[in-house]
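Here is what each chain is made of, one letter per residue.
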Amino acid sequence: MKKINLTVISILMGWAMACPVSAQTSKAELLAHLELATGNYCNYPLPSGHVTPAPEGYEPFYVSHYGRHGARYMTDDDPYKYIIGKLDTAQTRGWLTDKGQEVLLRLRRAAADAWNRDGDLTRLGALQHQGIAHRLATNYPALLMQPVDVRANSSTVRRCILSMANFCQELKSMNPQLNIAMDASKHDMYYLTPNDSIDIPQKGIDDPLYEKLDQFRHEKLNGRYQMALLFKDPAVVGDFVDGYQLADGLWNIASDMHCLPELELSFNDLFTVDELIDGFYVYNASWCLWEGLMPGSRPNYYAIYPLLQNFLDEADQLIASGRRQVRLRFGHDSVVLPFAFILGVKEAIHGTDDMENLHNTFAIFRLIPMAGNVQLIFFRKQGSDDILVKFLMNENETSIPIATDCYPFYHWKDVSAHYRSILANANIKYKE
């Protein structure tokens, strides 16, 4: 197998350096950078590289981080089973076009590589976390290049554990003086993953929105193009193959190939350019609704409030102790996205039920690419009680809805008060 290294990552993601940092997403941008249309399969984009110096006298002393696992295999092999099963049968009946027969061979190769690897971290996913860790230590050497404690917790899912290990290993390689403690236990799952013990308020208009989403998905991923491409007579197989299931499965397979560059396989040729982008529109709207970020939807993000509580409490404890620390947490996109919304970062707060145009104000590739993360960097000044904090979305400085006189830095007393007020007003209740 061919090796992947950090240089390859830079090549694969070189498009990111040309992409605007703005939350606005035009179709022209998607056309110019089709990698973005893979949505939450999107490989981690290199950050802008801009690091605003802290105000005079302030030094970093604490990092609080939550990151999604890196690039992975699909979380199940259902798309392979369905599509290969249908194409196998069609081949025995003489229904496949020459293109269909060639695609079947490609699918078998991809499926063989993915066998028993549902959701597993890929080699590219490991390198993504090494890169994030490397930049963290490089950007904040006053903290990371000193003998300091690093405390890391992960979801119990393998890809998250391995992401944590790769991140911490890179930090240790850069500074052997670090004291790193890693853990992955059910004990911490209540804040590392959506907490299903929380009673989600019964408000919102989910049913009409989900009906609208279902119609939107079937319109965009209707499978007509794929049926005509793969089968000699699409009318003959119309009752045998579900067009939506075919197109949706192929779109996910095509997107996941970006996580496996060593395979040198692509299925983008099974879609028009517009259809690849339509797949992004579908999943962009789906994630916005699933997490309760679409106006009028059920606020499913309530399940992430324990993570906010954890961020606040651990920060206050660390500040009171006078110590320094790097605090790492590793989990899933289903946490990063609603957590960014709860924090109010600018990239996450402009959801709309206009599914066709949602991408203009809300784009999941800016929020939950593979290895997507939220970082809070804390700074203090000797002789001062004023703690400053900077918010990073995928390592890029971002804003939150709190007044500040020193952007991109915010006063922690204001930040803590704001988020603790949100928690108090949420009146969180747990299921009996």
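Residues numbered from 1 in each chain as written. Predicted model: local features only at pLDDT ≥ 70, side-chain atom pairs only at ≥ 80, totals over all residues. Heavy atoms only, no water.

Caption draft 1: Spatial organisation of the environment of A426. Inspection of the secondary structure assignment puts A426 in helix α16 (residues 412-426). Relative accessible area serves as the criterion here: at 8%, A426 is assigned to the buried category. Expressed as a C-alpha distance, the spacing of A426 and P201, which sit 225 residues apart in the sequence, is 9.5 Å. Those residues in contact with A426 that sit more than four places away from it in its chain are Y302 and Y305. (Helix = DSSP H or I, 4+ residues; strand = E, 2+ residues; numbered from the N terminus. Buried < 20%, exposed > 50% of the residue type's maximum accessible area, 1.4 Å probe, protein only. Contact = heavy atoms within 4.5 Å.)

Caption draft 2: Molecular detail of helix α14 (residues 305-321). Compared with the 24 Å implied by 1.5 Å per residue over 17 residues, the 24 Å span of α14 between its first and last C-alpha is a close match. Buried residues of α14: Y305, P306, L307, L308, N310, F311, L312, E314, A315 and L318, and no others. G322 sits one or two positions beyond α14 and adopts a positive phi of about 80 degrees. (Expected span 1.5 Å × (residues − 1).)

Caption draft 3: Up close: the pairing of strand β1 (residues 58-68). Within β1, 10 of the 11 residues are buried, which leaves the element mostly enclosed by the surrounding structure. Where β1 and strand β5 (residues 373-381) come together, 9 bridges link them in antiparallel fashion. Across the sheet, Y58 pairs through a bridge with K381, a residue of β5. Inspection of the sheet shows β1 paired to strand β4 (residues 325-331) by 7 bridges, in the parallel sense. Its bridge partner lying in β4, Y66 is registered against R329. (Pairing = 2+ DSSP bridges.)

Caption draft 4: Summary view of the side chain of N394. Counting through the fold element by element, N394 comes out in the loop between β6 (388-393) and β7 (396-397). From its side chain, N394 meets the backbone nitrogen of N373 in a polar contact 2.7 Å long. Not counting residues up to four positions away in its chain, the partners in contact with N394 are Y44, P47, R366, L367, P369, G372 and N373. (Polar contact = N/O pair within 3.5 Å; in protein donor to acceptor, adjacent residues only side chain to side chain.)

Caption draft 5: Broad picture of the confidence of the model for the chain. For the chain, mean pLDDT is 94; residues scoring 70 or higher make up 94% of the total. Low pLDDT, under 50, characterises residues 1-22; the stretch is placed with 46 contacts to residues that sit more than four places away or in other chains. (pLDDT = per-residue confidence, 0-100.)

Caption draft 6: Structural context of the nonpolar core. Formed by 110 residues in total, the largest nonpolar core has its most connected members in Y80, L107 and F231. The contacts of Y80, once residues within four sequence positions are left out, are M74, G85, L107, A110, A111, A114, I253 and M257. Counting residues in hydrophobic clusters, the runner-up holds 28 residues, among them Y140, A152, F330 and F409. (Core = buried A, V, L, I, M, F, W, Y, C linked by side-chain atoms within 4.5 Å.)

Caption draft 7: Looking closely at the packing of aromatic side chains. If you walk through the whole model with that rule in mind, you get 22 aromatic pairs. Between W95 and F240, the ring centres sit 5.6 Å apart and the planes meet at 75 degrees, which makes this aromatic pair edge-to-face. Taken as a pair, W95 in the loop between α4 (78-92) and α5 (98-114) and F240 in the loop between α11 (224-230) and α12 (243-256) lie far apart in primary sequence, 145 residues in all. Plain terms: the ring middles of Y140 and F379 are 6.3 Å apart, the flat faces sit at 65 degrees to each other, and that makes the pair edge-to-face. Linking Y140 in the loop between α6 (123-139) and α7 (141-144) with F379 in strand β5, this pair joins segments that are 239 residues apart in sequence. (Phe/Tyr/Trp six-rings, centres within 6.5 Å; stacked < 30°, edge-to-face > 60°.)

Caption draft 8: Spotlight on the packing of helix α10 (residues 206-220) against helix α13 (residues 273-290). The geometry of α10 relative to α13 is characterised by a closest axis approach of 9 Å and an angle of 165 degrees between their N-to-C directions. It follows that α10 is roughly antiparallel to α13 by the angle criterion. Seen along the crossing, α10 lies across α13 with a hand that is left-handed. Of the residues in α13, those touching α10 at D206, L209, Y210, L213, F216, R217 and K220 are D278, Y281, V282, Y283, A285, S286, L289 and W290. Split by residue class, the contact of α10 with α13 holds 10 nonpolar, 1 polar and 4 charged. (Axes fitted to C-alpha atoms, helices over the stretch in contact; angles between N-to-C directions. Parallel < 35°, antiparallel > 145°, perpendicular 65-115°, else oblique. Left-handed = near helix turned anticlockwise from the far one by under 90°. Nonpolar A, V, L, I, M, F, W, Y, C, P; charged D, E, K, R; others polar.)

Caption draft 9: Just the pattern of salt bridges, in detail. What the rule picks out here adds up to 22 salt bridges. The shortest N-O distance in the salt bridge between D269 and K99 comes to 2.5 Å. Linking D269 in the loop between α12 and α13 with K99 in helix α5, this pair joins segments that are 170 residues apart in sequence. Judged by its relative accessible area of 32%, D269 is partly exposed. What makes K99 partly exposed here is its relative accessible area of 28%. Between D120 and R158 there is a salt bridge, with its nearest N and O atoms 2.6 Å apart. Of this pair, D120 sits in the loop between α5 and α6 while R158 sits in helix α8 (residues 158-174); the two residues are 38 residues apart in sequence, bridging distant segments of the chain. Judged by relative accessible area, which is 17%, D120 ranks as buried. (Salt bridge = Lys/Arg side-chain N within 4 Å of Asp/Glu carboxyl O.)

Caption draft 10: Summary view of the pairing of β5. By the criterion of burial, β5 is predominantly enclosed, with 7 of the 9 residues buried. As defined by bridge partners, β5 adjoins β6 across 6 bridges and the pair is classed as antiparallel. The residue of β6 that forms the bridge with I377 is K390. Once β5 ends, the chain turns through 6 residues before running back antiparallel as β6, passing G383 with a positive phi of about 85 degrees.

Caption draft 11: Summary view of the side chain of Q375. Position of Q375 among the secondary structure elements: in strand β5. Once residues within four sequence positions are removed from consideration, Q375 is found in contact with S64, H65, I132, L136, K390, F391, L392 and E395.

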